[in-house]
Amino acid sequence: MGKRLHRLLHAEYLDVWQAFAGEVGGSWNNPAYGEDARIEVVHAGTTIVIESDVSLIMVGKVMVPVHSTILSATLPTVPAHRFSVSRATFAASVAEWFGQLDIHVDDAEFDKAFVLKGDTPDFVRRLFADDALRAMYLANFEGSLALKDDKAFFSDPTPGLDPLELTVSGIIDKPERLRAQYALFAATLTRVVQAEQV
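Residues numbered from 1 in each chain as written. Predicted model: local features only at pLDDT ≥ 70, side-chain atom pairs only at ≥ 80, totals over all residues. Heavy atoms only, no water.

Regarding a nonpolar patch on the surface
Then step 1. On the surface, a cluster of nonpolar side chains totalling about 360 Å² of accessible area is made up of Ile57, Val59, Val62, Val64 and Val66.
Then step 2. Counting residues per element, the ones that place at least two in the nonpolar patch are strand E3 (46-59) and strand E4 (62-76).
Then step 3. Considering each element in turn, the nonpolar patch owes the most residues, three residues, to E4.
Then step 4. Here Val64 lies in strand E4. (Patch = residues over 30% accessible without salt bridge, like charges linked within 9 Å, V, L, I, M, F, W, Y side chains within 5 Å. Areas by Shrake-Rupley, 256 points an atom, 1.4 Å probe, with all protein chains shown as cover. Salt bridge = Lys/Arg side-chain N within 4 Å of Asp/Glu carboxyl O. Helix = DSSP H or I, 4+ residues; strand = E, 2+ residues; numbered from the N terminus.)

What follows is the structure, given as structure tokens:
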């Protein structure tokens, strides 16, 4: 039911995604009724997957669809390299005041705008030591990004691999916005691969 509602409400983005897949040399799944859209692009020795997602959440007594766009790629598992990025919020600044410190990269504007968390602060600093990448984040970052463990209870959907995932609220239906999020994600993926080789 959720996928059908998703398809009915957001079919207008499909032409944008199909054109974008051609633009970046990616494969396009041309989703059938009830399927989610999906683009796959080979990049930095792995595959970037762009897909639409809808989940239902309970609000009061009503199920409400929540739409998102997910950009992801899998990388070999290195627990010490897991990290997350989100925009700084008032709650984050209160948490920092109480001693829950995030990782700073010695760029005042960037450090004020983002909350970086990670198992190895030096790895995260190395990752964001690139001026061009920080500029992309300041200009275009939306949602939340994480290189995380995807194990759930007794299963691991990608044994030996961890997903790098950017989740953006809503279905991206504007070409320039899709280009910006893809460029940011691809640049981050490239930096992660480079930083892991140091």
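There is more to say after this.
Comments concerning the packing of helix H6 (residues 131-140) against helix H7 (residues 175-196)
Then step 1. One can describe the packing of H6 onto H7 by two numbers: an axis separation of 10 Å at closest approach and a directional angle of 150°. The angle between the axes of H6 and H7 places the two elements in the roughly antiparallel class. As for the relative orientation of H6 and H7, their crossing is left-handed in sense. Residues Leu133, Met136, Tyr137 and Asn140 of H6 lie in contact with H7, whose contacting residues are Ala180, Gln181, Ala183, Leu184, Ala187, Thr188 and Arg191.
Then step 2. Residue composition of the contact of H6 with H7, grouped by class: seven nonpolar, three polar and one charged. (Axes fitted to C-alpha atoms, helices over the stretch in contact; angles between N-to-C directions. Parallel < 35°, antiparallel > 145°, perpendicular 65-115°, else oblique. Left-handed = near helix turned anticlockwise from the far one by under 90°. Contact = heavy atoms within 4.5 Å. Nonpolar A, V, L, I, M, F, W, Y, C, P; charged D, E, K, R; others polar.)

Observations concerning the pairing of strand E2 (residues 38-43)
Then step 1. Summarising the sheet, strand E1 (residues 27-28) and E2 pair through two bridges and their orientation is antiparallel. Its bridge partner lying in E2, Trp28 is registered against Ile39.
Then step 2. Pairing of E2 with E3, which is carried by six bridges, proceeds in the antiparallel orientation. The residue of E3 that forms the bridge with His43 is Thr46. (Pairing = 2+ DSSP bridges.)

A few points about H7
Then step 1. Its 22 residues place the ends of H7 31 Å apart at the C-alpha level, agreeing with the 32 Å of an ideal helix rising 1.5 Å per residue.
Then step 2. All of the buried residues along H7 are Leu178, Ala180, Gln181, Tyr182, Leu184, Phe185, Ala186, Thr188, Leu189, Arg191, Val192 and Ala195. (Expected span 1.5 Å × (residues − 1). Buried < 20%, exposed > 50% of the residue type's maximum accessible area, 1.4 Å probe, protein only.)

Describing the side chain of Asp111
Then step 1. Relative to the helices and strands, Asp111 resides in helix H4 (residues 108-113).
Then step 2. Buried within the structure, Asp111 lacks any salt-bridge partner; Arg134 is the closest side chain of opposite charge, at an N-O distance of 7.2 Å.
Then step 3. In this structure the side chain of Asp111 is engaged in a polar contact, spanning 3.1 Å, whose partner is the backbone nitrogen of Asp106.
Then step 4. Not counting the four nearest positions on each side in its chain, Asp111 is found in contact with Ile103, His104, Val105 and Asp106. (Lys, Arg positive; Asp, Glu negative; His and termini not counted. Polar contact = N/O pair within 3.5 Å; in protein donor to acceptor, adjacent residues only side chain to side chain.)

Details of H6
Then step 1. Among the residues of H6, those classed as buried are Leu133, Arg134 and Tyr137. Considered in projection along H6, the buried side chains sweep an arc of 100° and stay on one side of the axis. In H6, the exposed positions angled more than 90 degrees off the buried face are occupied by Asp131 and Ala139.
Then step 2. Here the buried face of H6 lies against strand E5 (83-87), H4, strand E6 (114-118), helix H5 (121-127), strand E7 (144-147) and H7.
Then step 3. With a side-chain oxygen positioned 3.3 Å from the backbone nitrogen of Ala132, the residue opening H6 is Asp130. (Arc of directions from axis to C-beta.)

With respect to the pairing of E3
Then step 1. What sits between E2 and E3 in their antiparallel hairpin is a turn of two residues, with Ala44 showing a positive phi close to 55°.
Then step 2. Pairing of E3 with E4, which is carried by eleven bridges, proceeds in the antiparallel orientation. Pairing of Val59 across the sheet is with Val62, part of E4.
Then step 3. Between E3 and E4, which pair antiparallel one after the other, the connecting turn spans two residues, and Gly60 there sits at a positive phi close to 65°.

Points about the packing of aromatic side chains
Then step 1. Enumeration over the complete set of coordinates arrives at ten aromatic pairs.
Then step 2. On the basis of an interplanar angle of 35° and a centroid distance of 5.5 Å, the ring pair of Phe110 and Phe128 is categorised as tilted. In this pair, Phe110 is assigned in helix H4 and Phe128 in the loop between H5 and H6, connecting sequence segments 18 residues apart.
Then step 3. The exposure class assigned to Phe110 is buried, which follows from its relative accessible area of 0%.
Then step 4. Take Phe128: its relative accessible area is 0%, and that puts it in the buried class.
Then step 5. A ring pair is formed by Phe110 and Tyr137, whose centres lie 6.3 Å apart and whose planes are at 70°; its orientation type is edge-to-face. In this pair, Phe110 is assigned in helix H4 and Tyr137 in helix H6, connecting sequence segments 27 residues apart. The exposure classification of Phe110 matches that of Tyr137, with both residues buried.
Then step 6. Taken together, the ring pairs connect Phe83, Phe110, Phe114, Phe128, Tyr137 and Phe141 into an aromatic cluster. (Phe/Tyr/Trp six-rings, centres within 6.5 Å; stacked < 30°, edge-to-face > 60°.)

Function cannot be inferred from these measures alone, as they are strictly geometric.
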